[in-house]
Amino acid sequence: MSLRSLFCSLHKPFSLRTMSSTPIPQTPKYMSADQLASLLLSSPTPSTTTITTTTNPIAAKIQIIDVRDDDFPGGNIVSALNYPSREASPAGFEQLAKDLKGKGVDKVVFHCALSQVRGPKAARRYAEALGRVEPESEQEIYILEEGFTGFQKKYKGEPKLVEKFVKSLWE
């Protein structure tokens, strides 16, 4: 084998999935408060929305996962599931992935108070768990930009978006 053919064989495109038996999890994307509000307000029922494209409407189910711990009381996004970060475990994320996939959830949005540590970490751990239990899943994983703090600043007065809001805890 010539040096040139050896070099060319080493630089062929390859799939990272083929290098390991463990699938590479998707990288969670960020979603703004306005994007989430728009999805939720267009929803006929909590956590279910219809996204209209130019060709046809697509039913999309959304689940919001709030990973705040003791800072959860005082308000939350309507229909959010509180999954405290201190209780999170690999097995718990795997079960959550199975449960949400079983319910046909297309988009999962994670957040904490600011979405700087707990929310992004939970989204990453969920993506890893989803990759283990449903390697071919097309479920989309998001992190809410600015967390609940940013969301409530914009939408605390909208009962279709924020519930159980206690103003004195946020001043």
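A quick note: this is a predicted structure, and the numbers were derived from the prediction, not measured.

1. Some details on the overall build of the protein chain
A count of helical and extended segments in the protein chain gives 6 helices and 8 strands. When the helices and strands of the protein chain are placed in sequence order, the string is α-β-α-β-β-β-β-α-β-α-β-α-β-α. Among the 171 residues that make up the protein chain, the fraction classed as buried is 39%. In the protein chain, the share of contacts with a sequence separation of at least 24, taken over all contacts with a separation of at least 6, comes to 66%. Of the roughly 10,100 Å² of accessible surface on the protein chain, a fraction of 56% belongs to carbon and sulfur atoms.

2. Remarks on the nonpolar core
In terms of nonpolar packing, the biggest core is built from 20 residues, with Ile65, Phe93, Phe110 and Tyr126 touching the most fellow members. Residue assignment for this core shows that the elements contributing at least two residues are helix H3 (90-102), strand S6 (107-111), helix H4 (118-133) and strand S7 (140-144). A per-element tally of this core places H4 first, with 6 residues. Other than its neighbours up to four places away in sequence, Phe110 contacts Ile65, Val67, Phe93, Ser115, Gly119, Ala122, Ala123, Tyr126, Ile141, Tyr142, Ile143 and Leu144.

3. Regarding the pattern of salt bridges
A complete count under the given rule lists 9 salt bridges for this structure. Among the ionic pairs, Lys107 bridges to Glu140, the shortest N-O distance being 3.2 Å. Taken together, the residues Lys107 in strand S6 and Glu140 in strand S7 connect sequence positions 33 residues apart. Judged by its relative accessible area of 10%, Lys107 falls in the buried class.

4. What to know about H4
Given a rise of 1.5 Å per residue, 16 residues ought to cover 22 Å, and the 22 Å separating the end C-alpha atoms of H4 matches this to within 8%. Buried within H4 we find Gly119, Pro120, Ala122, Ala123, Tyr126, Ala127, Ala129, Leu130 and Gly131. Taken together, the buried residues of H4 touch strand S1 (29-31), H3, S6 and S7.

5. Concerning the packing of H3 against H4
Any two packed helices are characterised by how steeply their axes cross, that is the angle between the axes, and by the distance between the axes. For the pair H3 and H4, the least separation of the axes is 8 Å and the interaxial angle reads 70 degrees. Taken together, the axes of H3 and H4 lie roughly perpendicular to each other. For H3 against H4, the interelement crossing comes out right-handed. In contact with Pro90, Phe93, Glu94, Leu96, Ala97, Lys98 and Leu100 of H3, H4 contributes Ala122, Arg125, Tyr126, Ala129, Leu130, Arg132 and Val133. Residue classes in the contact of H3 with H4 are distributed as 10 nonpolar, no polar and 4 charged.

6. Section: the pairing of S6
Successive residues of a regular strand alternate their side chains across the two faces of the sheet. The element S6 is extensively covered by neighbouring structure, given that 5 of its 5 residues are classed as buried. What you see with S6 is no split at all: Lys107, Val109 and His111 on one side and Val108 and Phe110 on the other are buried throughout. Once you follow S6 into H4 and on to S7, the crossover reads as right-handed.

7. Brief notes about unusual backbone geometry
At Ser115, a position not held by glycine, the phi torsion is positive, near 55 degrees. The exposure class of Ser115 is buried, given its relative accessible area of 7%. The phi angle at Glu146 is positive, at roughly 65 degrees, despite the residue not being glycine. The residue Glu146 is located in the loop between S7 and helix H5 (147-155) in this model.

8. Quick look at the packing of aromatic side chains
Remark: the centre distance and the inter-plane angle together describe each pair of aromatic rings, the angle taken between the planes. Enumeration according to the criterion identifies 3 aromatic pairs in this entry. Considering the side-chain rings of Tyr83 and Phe93, the 5.4 Å spacing of their centres and the 75 degrees angle between planes classify their relative orientation as edge-to-face. Linking Tyr83 in the loop between strand S5 (81-82) and H3 with Phe93 in helix H3, this pair joins segments that are 10 residues apart in sequence. Where Phe110 meets Tyr126, the ring centres are 5.3 Å apart and the plane angle is 50 degrees; that geometry is what we call tilted. Highlighted residues: Phe110 in strand S6 and Tyr126 in helix H4, separated in sequence by 16 residues. We note Arg68 situated over the ring of Phe148; from NZ or CZ to the ring centre the distance is 4.4 Å.

What counts, and where the lines are drawn
- Residues numbered from 1 in each chain as written.
- Predicted model: local features only at pLDDT ≥ 70, side-chain atom pairs only at ≥ 80, totals over all residues.
- Heavy atoms only, no water.
- Helix = DSSP H or I, 4+ residues; strand = E, 2+ residues; numbered from the N terminus.
- Buried < 20%, exposed > 50% of the residue type's maximum accessible area, 1.4 Å probe, protein only.
- Contact = heavy atoms within 4.5 Å.
- Areas by Shrake-Rupley, 256 points an atom, 1.4 Å probe, with all protein chains shown as cover.
- Core = buried A, V, L, I, M, F, W, Y, C linked by side-chain atoms within 4.5 Å.
- Salt bridge = Lys/Arg side-chain N within 4 Å of Asp/Glu carboxyl O.
- Expected span 1.5 Å × (residues − 1).
- Axes fitted to C-alpha atoms, helices over the stretch in contact; angles between N-to-C directions.
- Parallel < 35°, antiparallel > 145°, perpendicular 65-115°, else oblique.
- Left-handed = near helix turned anticlockwise from the far one by under 90°.
- Nonpolar A, V, L, I, M, F, W, Y, C, P; charged D, E, K, R; others polar.
- Right-handed = clockwise from strand over helix to strand, strands pointing away.
- Phe/Tyr/Trp six-rings, centres within 6.5 Å; stacked < 30°, edge-to-face > 60°.
- Lys NZ or Arg CZ within 6 Å of the ring centre and 35° of its normal.

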